[in-house]
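Coordinates in review
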Amino acid sequence: MLDKRYDPKKVEEGKYETWKSNGYFTAGDNTKPSFSMVIPPPNVTGKLHLGHVMDTIPDDIIARYKKMKGFDVLWIPGMDHAGIATQAKVEAKLREQGVSRYDLGREGFLKEAWKWKDEYAKTIHAQWAKIGLSVDYTRERFTLDEGLNAAVKHVFVTLYNEGLIYQGERIIHWDPELRTALSNIEVVHKDVPGQFYYFKYDIEGEDDALIVATTRPETMWGDTAVFVNPKDPRYQKYIGKRVKNPCNGEWLPLMGDSYVDMSFGTGAMKCTPAHDPNDFALAKKYGFPLIRVMDETAHLLPIAGEFAGMDRYEAREKLVEKIKAEGHLDHIETFVHSVGFSERSNTVVEPMLSKQWFVKMKPLADKVLEMQQGEGKVEFKPKRFENVLIRWMKNVEDWCISRQLWWGHRIPAYYNKKTGEILVSETEPNMEEYDQDEDVLDTWFSSALWPFATMGWPKSTPDFDRYFPTSTLVTGYDIIFFWVSRMVFQSEHFTGKAPFKKVLIHGLMRDEQGRKMSKSLGNGIDPLDVIDRYGVDALRYFITTSSTPGLDMRYSDEKLQSSANYLNKIWNATRYVESVLGEDFVPGKLEKKDLGTLERYILTRLEKTIKKVTTKMDAYEFGAASTALYDFVYDDFCSYYLEMSKVSLSDPSKEAPVKQTLYFVAKSLILMIFPYCPFIGEELYLSLPGHKDSAMLESYPTYDKNLVFAHDEVAGKTLEAMIKDVRSYKSASKMAPNAPITICISPKAPFKGIEDYLKRFLFAKEVKIEKEAPKGETFLYKSVSMVLSLDQSVEEIRAGLMKEKERLTFELARGEKMLSNPNFVAKAPKEKLDIEKAKFADNQAKLREVLTRLDSLN
RNA sequence: GGGUGUUUAGCUCAGUGGGAGAGCGCUUCCUUCACACGGAAGAGGUCACUGGUUCGAAACCAGUAACACCCACCA
């Protein structure tokens, strides 16, 4: 017997270990159709947060559902080495011990990083177990394992040989704290208040000075020219003269170029080719030298003279002071401008000239765009996110893939020690003759290969043949650019196929006030805390059911509580069923002929629910699926059938079919909730008689039209309505709920034996079934009426009937309006027309009944 | 500058061409043997606004407003 209360902690204990050790998570049954997914690999940077939970719980629900639907489900788990993020964490840890990565050297540092990885992998495993992920551990991978490394090398070398990877000197985003290059999308732009410095540049041979505005005084040593728009009447006359750089007194050419926006600042712009991408482009055009001013830590180089060695901000401040002292500062304006921050270190990135490796994106992106036009396209849910991908692919820039880090896949490029000649190769050359490139690859370079490299690619393996492409990917909209887009183009290029057929995009979890969760706000929520308070099943239920795909959701204690309450409801309903079934119950077949009206009613409702839930599950609409089940559980089962069954069971002749029905319904709903809430689902399933070893071995309930009884459904609904009407009536008339009444049903009861139910639930002294009902408070249903005898005066009865007449008249007017509209009759679908016609006829009959009764009062 | 999303009950959100829904909160009543983490009965809404399409619009289209997000630019 189950306990009186659902205790999540007790229920969760031990189940995961049992599933895992029994091999329920392991794929490989070739007799079944395959269904495959890969986990979005969490970073080995720390504990799981709600973001991972949001990625993986829908995955798990899909995996468990598909398994119960008869698929051979492969769900590959794994983790991401997360290059920059992890290296930053390991460095921070070392720093606490007073050690820098340079003290340890490459080898020593990597040893530390692997230790870190092993430690956090343990934590992540424990958390996967905690939230119940049914992943296939026999196939677990890591983005930095040998197989992935081989795949990465193969991809790099192939793209290089195809001319799609190249080395180039360009302006890139530089993180001066982590001392590495970044790709465009690793830079987060934020609007911040800043200063706009207006400096006076003396003009050669003129008394006049040119005012040039800049936000970056500290780069002025790298200036090679000053530009104005050639159409600018203010400055036209000076073009071709020289102006004096107030930072070091050097003469710079004043040039005209239409790039300059006359309305911005003073309309005069300094050109710093090595520290600004636009200036770099101008420098290329005019053949200016590229003068670097800062080193890799954003400290000034010797070119800055007395300022050399200063940090960029200190230098800015000191330089402005100096220029001001020399009388060349015009004024300073404060304004808000957009500044790029490193996604990982949150320091201001420095646009810097640097030699890096790039992926030539245009040809790869074009192929993706072409693929999305055809049959093999990736289908997004919600659809609109496909446009996010397409727009990005259309405007994509070359991808800077080299990182000046140690933790990652080292670039398979080798330089001949003598000749300097480059060799790009999957196999290592004689290292006495060669030096390997020091850099590693962007972490997303390996993540991009995840769906196929985890299956053994580039080797042709049985797993790859059977499970690739994967069926579905679940991820957040915030990493479409980072991950989804890159998987798509790499997969298209190397396998000729999209890596997954569908992508289910979810939103982000926000805090209860609707704010983004962030470290700086300290409003992050630890999933383990939530699990501790409400249980993991409530968390799983909340996360997948109280949001719409693609939209952000708010964390809500209230909703977690109500999820837990729902599970408690199912728990107690099951408990009731078991108490009814008793020890010696044996599950049997439901025999149509034995089933009473109410059994047929609840089975009909159940089958309709199964149909709806299945449709919604297949469409990955978990909110809608769960609502359908929820309504069934509360309204049809617990509030109605379960209560009615108490009456039925007092009749020994009904006992057997009622028990079979209760068992069948309870088992079905437990199996339907199971993919969402596997812990309580398993506990309840195992507490039922005649169970298998696990709910994981069961099939998902399937719609059975032999258990749909339209007529009995109507009869059951009529009884339900009768009870509700009388209760409402009593409440509205200030009668006690248990006030005794007499009920008369005419001309014919909706089903045999209805008296017992009415007596029990309405406190009726007597229920009469007669051709002609007496005068009294009247309720009308389809082909039957119910009259309460309440010792009412004629006036009261008349008032009740008048109210009903008024209502019916209104209804008839509505129907009349519709049905007499020739356009409606001609254009509305036939079903709708039939419904309205039937309703109209029904209301007419009811009105006649009311009028007859009113007549008889006189 | 370009794009996307949101706007529905006091709050948080579902719904999506055919009579406005849920959870929580609120009112009244109920410890009756599955559950007080409960039950019963209620109150509460010009579905942001303006036009249009349609027999019929909360839903489709166009526009407006507010809020949020993404991308690009910013000397």
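In this report, the structure presented in the accompanying data block is examined. (Residues numbered from 1 in each chain as written. Chains lettered and ligands numbered in written order. Predicted model: local features only at pLDDT ≥ 70, side-chain atom pairs only at ≥ 80, totals over all residues. Heavy atoms only, no water.)

Next up on the list: the overall build of chain A. Looking only at helices and strands, chain A features 26 helices and 29 strands. For 858 residues, the compact-globule formula gives about 29 Å, and the C-alpha radius of gyration of chain A, at 37 Å, lies well above that figure. Summarising its shape, the C-alpha atoms of chain A cover approximately 115 × 65 × 50 Å along the three principal directions. When the 858 residues of chain A are sorted by exposure, 54% land in the buried category. For chain A, the share of sequence-separated contacts (at least 6 apart) that also reach a separation of at least 24 residues comes to 76%. Counting only carbon and sulfur atoms, one obtains 50% of the accessible surface of chain A, whose full area is about 38,900 Å². Once the 119 positive and 126 negative side-chain charges of chain A are each reduced to a mean point, those two points are 6 Å apart. (Helix = DSSP H or I, 4+ residues; strand = E, 2+ residues; numbered from the N terminus. Rg over C-alpha atoms; globule rule 2.2 N^0.38 Å. Buried < 20%, exposed > 50% of the residue type's maximum accessible area, 1.4 Å probe, protein only. Contact = heavy atoms within 4.5 Å. Areas by Shrake-Rupley, 256 points an atom, 1.4 Å probe, with all protein chains shown as cover. Lys, Arg positive; Asp, Glu negative; His and termini not counted. Charge placed at Lys NZ, Arg CZ, Asp CG, Glu CD.)

Around RNA strand B, the surrounding shell holds 52 residues, and the nearest of these are Arg 5, Asn 278, Ser 338, Lys 827 and Lys 832. The protein-proximal atoms of RNA strand B, defined as those within 4 Å of the protein, are 59% sugar or phosphate. Side-chain polar atom of Arg 575 to a sugar or linking oxygen of RNA strand B: 2.6 Å apart, as the coordinates give it. Within the contact set of RNA strand B, a sugar or linking oxygen lies 2.7 Å away from a side-chain nitrogen or oxygen of Ser 731. Those elements that place two or more of their residues in the surface near RNA strand B are β8 (209–214), α17 (557–581), α19 (622–648), α22 (710–732), α24 (794–819), α25 (822–827) and α26 (830–857). Residue contributions to the surface near RNA strand B peak at ten residues, all from α17. For the surface near RNA strand B, the per-class residue count stands at 18 nonpolar, 14 polar and 20 charged. (Near = heavy atom within 4 Å. Polar contact = N/O pair within 3.5 Å; in protein donor to acceptor, adjacent residues only side chain to side chain. Nonpolar A, V, L, I, M, F, W, Y, C, P; charged D, E, K, R; others polar.)

Pairing in this open sheet of four strands is mixed, and the strands run β27-β26-β29-β28 from one edge to the other. Looking along the sheet, the strands with just one partner apiece sit at the ends: β27 (764–769) and β28 (777–781). Strand after strand, the sheet turns through a mean of 20° between neighbouring axes, direction not considered. Both strand β26 (residues 741–746) and β27 contribute to a ladder of five bridges, which runs parallel. In the sheet register, Ile 745 faces β27, and the bridge partner there is Ile 769. The strands touched by helix α23 (residues 754–762) within the sheet are β26 and β27, with β27 carrying the most contacts at an inclination of about 155°. (Pairing = 2+ DSSP bridges. Axes fitted to C-alpha atoms, helices over the stretch in contact; angles between N-to-C directions.)

Coordinates in, geometry out; function isn't part of it.
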